[in-house]
Amino acid sequence: MSAETLLLTILLLPLAGAVGIVITRHNPNVREAVTLLSAALVAVLVVMLAARFLDGEAFALTLIEPLPGIAIAFEIEALGMLFALVAGLLWVVTSVYSIGYMRGHNEQNQTRFFAAFAVSIAATMGIAFSANLLTLFLFYELLTLATYPLVTHAGTPAAKQGGRTYLGILLGTSIGLFLLGILVTWSLTGRVDFQAGGILSGHVDPAWAGLLYALFLFGIGKAAVMPFHRWLPAAMVAPTPVSALLHAVAVVKAGVFTLLKVTLYIFGGEFILSNDVTGGLIWVVAATILIASLVAMTKDNLKARLAYSTVSQLSYIALGAMLASKAGLIGASMHIAMHAFAKITLFFAAGAIFVASHKKQVSELNGLGRAMPVTFAAFFIGTLSIIGLPPFGGMWSKWYLALGAVETAQLLLLAVLMISSLLNIMYLLPIPIRAFFSKPASGEHYTEIAEAPKSMLLAMVVTSSACVILFFYPDPFYRLAGLAVGGN
Amino acid sequence: MTDFIVGHYNYWIVIILMMVGLYTVISRGNLIKKVIGLNIFQVSVFFLYISLGTVKEGAAPIIAEGIEVYSNPLPHVLILTAIVVGVATTALALALVVRIKESYGTIEEDEIHNLDHSL
Amino acid sequence: MEDHISLLLVVVPLIAAPVVAVLPRGRSAWAVAFIVAAACAVLAGMQLWAVLTEGAISYELGGWAPPWGIEYRIDAVNAFVALIVAAIAAITLPYALLSVEREIPEEKIPLFYSAMLLCLTGLLGITQTGDIFNVFVFLEISSLASYALISLGRDRQAFTAAYQYLIMGTIGATFYLIGVGLIYSQTGSLNMQDLATLLPGVLHLKTVETGFAFIMIGIALKLALFPLHLWLPNAYTYAPSVVTVFLAATATKVAVYVMLRILGTVFPQGFALTTPADELFIVAGIAGIVIASVYAIYQQNVKRLLAYSSVAQVGYMALGIGFASAAGVTAALVHLFNHALMKGALFMAVGAIIYRIGACRMDQIHGLGRAMPWTFGAIVIGGLSLVGVPGTAGFISKWYLVVAALEQEAWISVAVILMGSLLAVVYVGKLIEALYFKPVTDTGTAVSEAPLLLLVPTWGLVFANVYFGLNTDLTVGVAEKAAAILGGMKP
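Residues numbered from 1 in each chain as written. Chains lettered and ligands numbered in written order. Predicted model: local features only at pLDDT ≥ 70, side-chain atom pairs only at ≥ 80, totals over all residues. Heavy atoms only, no water.

A.B. asks: Could you clarify how one ought to interpret the overall build of chain C in this entry?
C.D. replies: In terms of regular secondary structure, chain C is built from 20 helices and two strands. For a compact globule of 491 residues, the expected C-alpha radius of gyration is about 23 Å, and chain C comes in at 21 Å, within 12% of that figure. Projected onto the principal axes, the alpha-carbon positions of chain C cover approximately 70 × 55 × 40 Å. Residues classed as buried in chain C amount to 68% of the 491 residues present. A separation threshold of at least 6 residues defines the contact pool for chain C, and within that pool the share at least 24 residues apart is 81%. With an accessible surface of roughly 15,100 Å², chain C has 67% of that area assigned to carbon and sulfur atoms. (Helix = DSSP H or I, 4+ residues; strand = E, 2+ residues; numbered from the N terminus. Rg over C-alpha atoms; globule rule 2.2 N^0.38 Å. Buried < 20%, exposed > 50% of the residue type's maximum accessible area, 1.4 Å probe, protein only. Contact = heavy atoms within 4.5 Å. Areas by Shrake-Rupley, 256 points an atom, 1.4 Å probe, with all protein chains shown as cover.)

See below:
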């Protein structure tokens, strides 16, 4: 199979899967088989594509040109490959998990759920492989719209309210600021394609470049930089598999991925460093890291706490991007992968707890660890990886991020990273500790509570092991991150 | 000054008629009166065109022996068309008024408004 | 025959109109009207092709040479607009069959189609003619037909809406007539090409400036440019569904064309810049986008919501005209085409709802999205196009408009265009929420999906929205050619 066909297949397969899911809606077993089959195929194909890319194969593919000089075009490039790899691999795991979750929880409208899920993955792949800002924007908006029915899945007033916030902030920022940023870029340079080293250098007065960067930073609402982070906690009304894959991996990573792309290929690291484009903005991101961590501590709802943790962790990536030094950018790129595996584990565990015991609050978890040992063990591993301790993958990305702060002599930022790690410990670690060592509230017995369905456990075991494996073998992601950064 | 006023008397008539017509359309609540106002307004434009076509000392534009100067016939032709349009508009407007009277029982604008919003 | 395409486009529907009126049955009247509209669409397509390949066409009516005779002069601009009008008519008529049978009493159906064809005649005539007085005549033909069509709506408010439109429309047309008279008094010509050579010599005269102002105000009324839009919401709300679809997609578009023609061809390019006209367009455009969009959010009737949205969309076109640059005119023309597609699709989908439940108030459509998934899908995609989500035609329009605004560093306009999109998110979102998330109101009978004959034309336009969002060879290509002819009015 040529690389072009491979790429097109990866883009179209989830869509075909969505159609298949709708067609087989009357037979849930066949429908789930379609989901699993397309997810597994996508994962295999993405790995194949990554292998060939690392062998040095490169190519681009132009579909159609809606605006003169701007095409809907795709290309494979290191950062996109990394993102696609993460999303593709985790879709299979999440599919296994969500089948257990949706059945264990007797959810309504499962066909719509799985179909919208597949479309979201297609949009994510489109974002990963887009060759210019217009293509990226197209799939960015598609992702927002495809995830909307997932967020409002429950159909309750709370879900509707959450959906409003979700759509309002994401569309508001993307149309009001992100699109404006793209248009300004277009009117300044006459092009919007991604090019190593950036395209803006020489076209824009450095004094204004900071303002343009702000348009992108806040316009890419999916990166959840404060004050445009409210949509992410709002999206937690969705079923847990959605929160796990989409709102810990695909959607939010699409945001920071876009930010990284813009930093690397529109502005260019050199341009940012030599003109101090991000000098003031970086403190907004640093503040987001700390404030979100502090808010997370106040949340008793487990998913809300994880959501604020995600907001905080996303800003790590934004911070790495804005440092624009080599180590910072590598750290940011790797954190896309490392945080994905760790956070999805945490969400899987949260969902398993909910399905098995119908508990949502952290304060209700006392002693539950003994009833659900596997779940909480996985949660524990995820927690340690998020904090950034060895031997877990999360250590590498934090290492490089810290190195980036040192490299650019931003010692205050280094302090922010360190304080944030401490905060991570304070809001995440008590959860497994509480579950394993605290006594249940008086009068409660967990004798009737057992582990969640097998498929959910399997998913958790896979992702938590991945956290460990990535410590010893971060090589594919490290090489991709290095390639992406090496270009400038 | 007097020459200016007298010399342009046709324009003064046009302007006065135009204002009378427009004012009637705007100020009257009676639908029939509005249509009448609209007609006066249109007629003022007809006058404008016809007086434009006049050539001093010119005769009616019918070719005849011994006449050198004719008035310009084109505005007349144009306004013939416009008059037809005006008649059609008036007819349609009156037909609408009849239907409004049938379904509302009144042709006073404010009463119609009240009827629609009291439902 | 090829030589006579330009004339046939006007004459065929004109002759067919009285024929249709005397046909005994609704279905036969519909069949003739449909054939005529389809023929017009084909002719308009051929005409555009001929213009694009061979250059402008000049057709002398009755063999009288211009400037004495009436000339039909077709270039890329009017061939493009004529194609929009004819194509919309051809796609509306299949939709009309069932919708009209539901909404109009059987004995009036032949007359309905007759008026529809007259309206088509007028609109096509405006696009074809090269004579500014002739524009007035066709304008009135189409307007009179549309007053009659609107009054056929089922509520009694349709009569008042039509009456209101008649009064304002006639004032607008008469203003235009005054302007034409004043210009004629100074140039002695009515032919557009002839005027283009004569007017530069007399531009300094107050009479010409006054005439220009009268013409602009007159057309702005027809265009429903804010704040002269008062007739539009009622007219669109109470007209029969088919009429709303047809008028929303064509009538204001043709008025935009006339505006561009007067500014770009008849008057020397750049003349508008010496008058307050261009600033007024921008101010009216901005005010229209913001105020009408906010109004749309608070509407309780779906058709009225979309009608206010139309006023806002006219604001976008006014902005494009007001920029007075090639990019601005291109943007206005592209939006003219794209807006016809999106409003056509949306009003058709709403018409399908009316076909099923006989009403379209917000509180009556709760939960209908589940019962009518295809109709709902059309509203979603049409709505996204209205918002300007990439991949839809609406995005292309917004892109060109913002690029045109950035070119002039008109930052307020940029902000307003993007804000307009966000306001559209709100009113489209409100519509979708009502259709999908609100619990179904108990009507006693189960609502089923609209019949295929309504869905197919609706989805035809929906697909066009996506197609022209991805492939813009036709829209942008022609609009750029057209903008080159209208010259962008650079001083």
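A.B. asks: It is not clear to me how the packing of aromatic side chains should be interpreted in this structure. Could you clarify?
C.D. replies: Centre distance and the angle of the planes are the two values used to describe a pair of aromatic rings. Under the defined criterion, the tally for this structure stands at 40 aromatic pairs over all chains. Seen from their ring centres, Tyr213 of chain A and Phe267 of chain A are 5.0 Å apart, and the 70° between their planes marks the pair as edge-to-face. Of this pair, Tyr213 of chain A sits in helix H7 (residues 206-219) while Phe267 of chain A sits in helix H9 (residues 240-267); the two residues are 54 residues apart in sequence, bridging distant segments of the chain. Relative accessible area serves as the criterion here: at 0%, Phe267 of chain A is assigned to the buried category. In textbook terms, an aromatic cluster arises when at least three aromatic residues are bridged by ring pairs, as seen for Phe137, Tyr140, Phe178, Trp186, Tyr213, Phe216 and Phe267 of chain A together with Phe395 and Trp399 of chain C. The residue whose ring lies beneath Arg102 of chain C is Tyr355 of chain C, and the NZ or CZ to ring-centre distance is 4.1 Å. Here the guanidinium or amino end of Arg156 of chain C rests over the ring plane of Tyr104 of chain B, the centre of that ring lying 4.2 Å away. (Phe/Tyr/Trp six-rings, centres within 6.5 Å; stacked < 30°, edge-to-face > 60°. Lys NZ or Arg CZ within 6 Å of the ring centre and 35° of its normal.)

A.B. asks: Even after reading the chapter, I still don't get the packing of helix H5 (residues 133-151) of chain A against H9 of chain A, so can you show me in this structure?
C.D. replies: Packed helices, taken two at a time, are described by their axes: the angle between them and the distance between them. All names here are of chain A. The interhelical angle for the contact between H5 and H9, taken along N-to-C directions, is 165°, at an axis separation of 12 Å. Between H5 and H9, the interaxial angle falls into the category roughly antiparallel. When you trace H5 past H9, the crossing you get is left-handed. Together, Leu133, Leu136, Tyr140, Leu143, Thr147, Leu150 and Val151 of H5 and Val242, Leu246, His247, Ala250, Val251, Ala254, Thr258, Val262 and Ile266 of H9 make up the contact between the two elements. (Axes fitted to C-alpha atoms, helices over the stretch in contact; angles between N-to-C directions. Parallel < 35°, antiparallel > 145°, perpendicular 65-115°, else oblique. Left-handed = near helix turned anticlockwise from the far one by under 90°.)

A.B. asks: I tried to follow unusual backbone geometry on my own but got confused; where do I start?
C.D. replies: As a rule of thumb, non-glycine residues mostly have phi less than zero, and peptide bonds are mostly trans rather than cis. Cis geometry is found at the peptide bond from Met226 of chain A to Pro227 of chain A, where omega equals 5°. Tracing the backbone through its elements, the reader meets Pro227 of chain A in the loop between H7 and helix H8 (231-234). Following Phe226 of chain C, the chain continues into Pro227 of chain C via a peptide bond in cis, with omega recorded as 0°. Checked against the element boundaries, Pro227 of chain C lands in the loop between helix H8 (206-223) and helix H9 (231-238).

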